[in-house]
Amino acid sequence: MYLNQFLFLAAFLFAVGVYGVLARKNGVLVLMSIELILNAVNINLVAFGTFNHTVAGQVFALFVIAIAAAEVGVGLAIVLLIYRNKRSIDLTEMDSLKG
Amino acid sequence: MTAQNVAFGIIAAVMAFAAIRVVTTTNVVRAALHLVVVLAGVAANYVLLAAEFTAVVQVLVYIGAVVVLFLFGIMLTRAPIGRIADLDNDQRWLAGLVALLVLGVLVGTLNDQWAGDKIRFTQPQTSAEVGDSIFQTFVIPFEVVSVLLLAALVGAIVLARRD
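Residues numbered from 1 in each chain as written. Chains lettered and ligands numbered in written order. Predicted model: local features only at pLDDT ≥ 70, side-chain atom pairs only at ≥ 80, totals over all residues.

Student: Any chance you could break down the overall build of chain A for me, citing the residues and the numbers?
Tutor: A tally of helices and strands in chain A yields 3 helices and 0 strands. For chain A, the α and β elements follow one another from N to C terminus as α-α-α. Among the 99 residues that make up chain A, the fraction classed as buried is 57%. In chain A, once contacts between residues fewer than 6 apart in sequence are set aside, the share between residues at least 24 apart is 43%. (Helix = DSSP H or I, 4+ residues; strand = E, 2+ residues; numbered from the N terminus. Buried ≥ 20, exposed ≤ 12 C-beta atoms within 10 Å, placed from the backbone. Contact = placed C-beta atoms within 7 Å.)

Structure representation (structure tokens):
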């Protein structure tokens, strides 16, 4: 198997995630797109780890998974708080800092 | 054309379709369920790369916990369960352009650097090696991640509780 096939798949997932973060206005869907981006990074880490015959890639991927779980927990709590205060999680309406 | 390559092609096609559905579907719950397909595909990729332990952790943490958390988030914010046309903002075309540019730059540079490099599988990387690496080389980052998880847990509870 070529290294590039995994890297291209990860690049595609990353680009799709970037599109999701920029184009979605529902807070939960933006968090889901961030998960796509983090998974793309993990594929890269594991692919390079196997390519270089080291387990460091897997260990880094595990760290990223743990941090992603923490990020989703705090992110959803923030989205919940926004919903409770504004009765909406539409991110285009979060413009109270706009002059 | 080995069996692994055929498997990779099928998995990659399913993942690409599901990933696009995650960011384009008009139904929030369906987006979460398509996310499950993408995450399972990532786990399958780890198996193809001979990283079984990471694949199992991916299934446990992502499909088991993170997706459930997303479903809770969807329900707690009372998103309408059916089809909603109004999930995208008005920068959709600009976002598509940016994503295409990112993809183009990434594929171009990766193709420059790694074209033709094959992955040679020598010995499978066992869970024991991963554990040794975590608890010897990376023991301080591991402890820091533990503290981070605790802080995130406490922070999430403080943010989400009603008082």
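From this point, the narrative continues.
Student: Which residues make up the interface of chain A and chain B, and what values do they have?
Tutor: Contact residues are listed per partner, giving 61 residues for chain A and 72 residues for chain B. Of all the secondary structure elements, the ones that give two or more residues to the side of chain A that touches chain B are helix H1 (3–23), helix H2 (27–51) and helix H3 (56–86) of chain A. For the side of chain A that touches chain B, the element with the highest residue contribution is H3 of chain A, accounting for 21 residues. Of the residues assigned to the side of chain A that touches chain B, the class counts are 46 nonpolar, 12 polar and 3 charged. (Nonpolar A, V, L, I, M, F, W, Y, C, P; charged D, E, K, R; others polar.)

Student: Could you give me a rundown of the nonpolar core, with the residues and numbers involved?
Tutor: Membership of the largest hydrophobic core comes to 69 residues, with the highest contact counts inside it found for Ala10, Leu13, Val16, Val28 and Met32 of chain A together with Val22 and Val38 of chain B. When residues of this core are traced back to their parent elements, those giving at least two are H1, H2 and H3 of chain A together with helix H1 (3–24), helix H2 (28–48) and helix H3 (52–76) of chain B. Ranked by the residues each element gives to this core, the list is headed by H1 of chain A, at 15 residues. Excluding anything up to four places from it in sequence, Leu13 of chain A contacts Leu36, Asn39 and Ala40 of chain A together with Ala19 of chain B. (Core = buried A, V, L, I, M, F, W, Y, C linked by C-beta atoms within 7 Å.)

Student: Residue-level account of the confidence of the model for chain B, with values.
Tutor: Detailed reading of predicted coordinates is not advised where the pLDDT is low. Summary statistics for chain B give a mean pLDDT of 90 and a share of 96% for residues scoring 70 or more. What the predictor reports for the complex is a pTM of 0.91 with an ipTM of 0.92. (pLDDT = per-residue confidence, 0-100.)

Student: How would you summarise H1 of chain A if you had to cite specific residues and measurements?
Tutor: Spanning 21 residues, H1 of chain A covers 31 Å between terminal C-alpha atoms, matching the ideal 30 Å at 1.5 Å per step. Burial of H1 of chain A is extensive: 18 of the 21 residues sit out of reach of the surface. (Expected span 1.5 Å × (residues − 1).)

Student: Lay out helix H4 (residues 92–114) of chain B in plain terms, naming residues and giving numbers.
Tutor: Taking 1.5 Å of rise per residue, 23 residues should cover 33 Å, and H4 of chain B covers 32 Å from first to last C-alpha, within 8% of that figure. Taken from the residues just after H4 of chain B, Gly116 of chain B is the one with a positive phi, measuring 80°.

Student: Which residues make up the domain arrangement of chain B, and what values go with them?
Tutor: Partitioning chain B into structural domains gives domain 1 (1–85) and domain 2 (126–163). Computed from C-alpha coordinates alone, the two centres of domain 1 of chain B and domain 2 of chain B are separated by 23 Å. (Domains from an automatic or database assignment.)

Student: Outline the packing of H1 of chain A against H1 of chain B, listing residues and values.
Tutor: Two numbers describe how H1 of chain A lies on H1 of chain B: the axes approach to 9 Å, and their chain directions differ by 5°. The orientation of H1 of chain A with respect to H1 of chain B, classified from their angle, is roughly parallel. Side by side, H1 of chain A and H1 of chain B meet where Gln5, Leu9, Phe12, Leu13, Val16, Tyr19, Gly20 and Ala23 of chain A of the first sit next to Phe8, Ala12, Met15, Ala16, Ala19, Ile20, Val22 and Val23 of chain B of the second. Considering only residue class, the contact of H1 of chain A with H1 of chain B consists of 14 nonpolar, 2 polar and no charged. (Axes fitted to C-alpha atoms, helices over the stretch in contact; angles between N-to-C directions. Parallel < 35°, antiparallel > 145°, perpendicular 65-115°, else oblique.)

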